[in-house]
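# Tertiary structure, described
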Amino acid sequence: MKKLLSIVLMVVLFSCEENKIQKFQLSGRAQGTTFGVIYFGGKEEPGLNEDLANLFQEVDQSLSTYLPTSYISRWNRNEVNHGEIDTHFINMFQMSQQVFQESEAYFDPTVEPLSQFYGFEKRGGVSPISLDSARALVGLSKLILKENGFLQKSDSSIQINFNSIAQGYTVDLIKELLMAKGIQNFLIELGGEIYAQGKKPKNMPWKIAIDKAEENRNGEFSNKLDIENTAVATSGNYRKWKLSPDKTEKYVHTINPLTGKSQATDIQSVTILMPSCALADAYATAILAMGLDKSLKLRNSLKQKGYQVYLIE
């Protein structure tokens, strides 16, 4: 009986040790920015670093305009045949279509020629000589998704760039990876886009801070939020900008697809909380481009669905 009790006690002790909640953290660089993953569990998940590296590589080979061999780069150069289909690329197009329609075309990833015109993208390909010629190539409705999954252009000079949605999409893929491994409490951050699942130990919520919308914020924040089982995406024009060649205008990264203008609106920053980080990323970009008054309908629609929209004028 004493021997049996001793064995049972040892099993219980080992079990408690294995079930002790620990914090694990991974970080590095990916997609031209930094990433971080924090998760809590009884043991470290083996091979997670390698799995993340493989995931980043897979997404880059599909969506990175910086890789000349990626699917999107070859599609932009008209080097993809009609039988070659890429799932991530099509997912991005279909999600972009949704936001394109709901934002009345203010979210449009075909603004790539305009990005090149303003000097934000310099990787060869189409380089229109005027704003009008660049604007003529913009319009997601100029693309047709064929039955076999191939995305067809109405004009061979059209180019696409999913940078305003791809990082959020990657966050969603990391979320799926972690949940498939049975990890239930985690926080993902990639280039400022975030997803939080579950809670921290002692039933504590994840806490995030929203940057103060100033070029030099000196470590200050405009707000702090408790989040759980939701994505958080922020878009702003208060840091990323460049001067025109004659140094008389300030060009911002958020381009109005309808006018072709690279000008800041009366919104400095948009933060959206919703289940999909990719969609939150895209909607935030759309609202930033639309400005305060024009975005009212879209903001109300998102709020009616239970999503949170946080603006800084």
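On a predicted model such as this, the values are computed, not experimentally measured, just so you know. (Residues numbered from 1 in each chain as written. Predicted model: local features only at pLDDT ≥ 70, side-chain atom pairs only at ≥ 80, totals over all residues. Heavy atoms only, no water.)

### Some words on the layout of surface pockets
Filter applied, for reference: Detection works on a 1 Å grid of protein atoms alone, calling trapped sets that fit a 1.4 Å probe cavities and calling open sets with protein on both sides within 12 Å along at least five of seven lines pockets, with lining residues defined by an atom within 4 Å of a point. Grid points are joined across faces, edges and corners, and a volume is the space filled by probe spheres set on the points. Helix numbering and strand numbering both begin at the N terminus, where a helix is a DSSP run of H or I of at least 4 residues and a strand a DSSP run of E of at least 2. Under this grouping Gly is polar, as are all residues other than the nonpolar Ala, Val, Leu, Ile, Met, Phe, Trp, Tyr, Cys and Pro and the charged Asp, Glu, Lys and Arg.
The space that makes up the second largest pocket amounts to roughly 240 Å³. Surrounding the second largest pocket, 15 residues form its lining, F40, G41, G42, G182 and I183 being those nearest its centre. Examining the composition of the lining of the second largest pocket, we find that three residues originate from one element, strand β2 (residues 33–41), more than from any other. Along the lines of polarity and charge, the residues of the lining of the second largest pocket split into five nonpolar, five polar and five charged.

### Side note on unusual backbone geometry
Selection rule: Buried, partly exposed and exposed residues are distinguished by accessible area as a fraction of the type maximum, computed with a 1.4 Å probe on protein chains only: under 20%, between the cut-offs, and over 50%, respectively.
The phi dihedral of Q31 is positive, around 55°, even though this residue is not glycine. Mapped onto the secondary structure, Q31 falls in the loop between β1 (22–30) and β2. For Q31, a relative accessible area of 22% puts it in the partly exposed group. One non-glycine residue, A105, lies in the positive phi region at around 75°. Tracing the backbone shows A105 in the loop between α4 (87–102) and α5 (112–117).

### Brief notes about the sheet that holds strand β12 (residues 269–274)
Whether parallel or antiparallel, the strands of a sheet pair through hydrogen bonds between backbone atoms. The cut-off we apply is this: The rule for pairing is simple: two strands pair if DSSP sees at least two bridges between them. Structural elements are reduced to axes, namely lines fitted to C-alpha atoms, with helices fitted over the stretch in contact, and the angle between N-to-C directions of any two is expressed from 0 to 180 degrees. Between two residues, a contact is recorded if the distance between any of their heavy atoms is within 4.5 Å.
A sheet is described by the order of its strands in space; here seven strands give the open sequence β1-β2-β5-β6-β9-β12-β13, paired in antiparallel fashion. Edge positions in the open sheet fall to β1 and β13 (308–312), since each of these has one partner strand only. Averaged over all pairs of adjacent strands, the angle between their axes in this sheet comes to 10°, without regard to strand direction. In this structure, strand β5 (residues 185–190) lies alongside strand β6 (residues 193–197), joined through five bridges in antiparallel fashion. Across the sheet, residue I188 finds its bridge partner in β6, namely Y195. The strands that helix α7 (residues 163–180) touches are β2, β5 and β6; relative to β5, the one it contacts most, it runs at about 155°.

### Brief notes about the packing of α4 against α7
Quick reminder of the rule: Left-handed is the label given to a crossing in which the near helix is rotated counterclockwise from the far helix by less than a right angle, and right-handed is the label when the rotation is clockwise.
Interaxial distance between α4 and α7 falls to 11 Å at its minimum, and their mutual angle equals 115°. When you trace α4 past α7, the crossing you get is right-handed. Residue-level inspection shows H88, N91, M92, M95 and S96 of α4 in contact with α7, the latter providing I165, A166, Y169 and L173. Residues of the contact of α4 with α7, tallied by class, amount to six nonpolar, three polar and no charged.

### Describing the side chain of T170
Using the following cut-off: For this analysis, a polar contact is any N or O atom pair within 3.5 Å, provided that within protein one partner can donate a hydrogen and the other can accept it, and provided that sequence-adjacent residues contribute only side-chain to side-chain pairs.
Along the chain, T170 falls in helix α7. A polar contact is formed between the side chain of T170 and the side chain of Q31, at a distance of 2.9 Å.

### Considering the side chain of T271
When you line up the elements, T271 lands in strand β12. A distance of 2.8 Å separates the side chain of T271 from the side chain of T234, its partner in a polar contact. In contact with T271, not counting residues within four places along its chain, are I210, V232, A233, T234, Q308, V309 and Y310.

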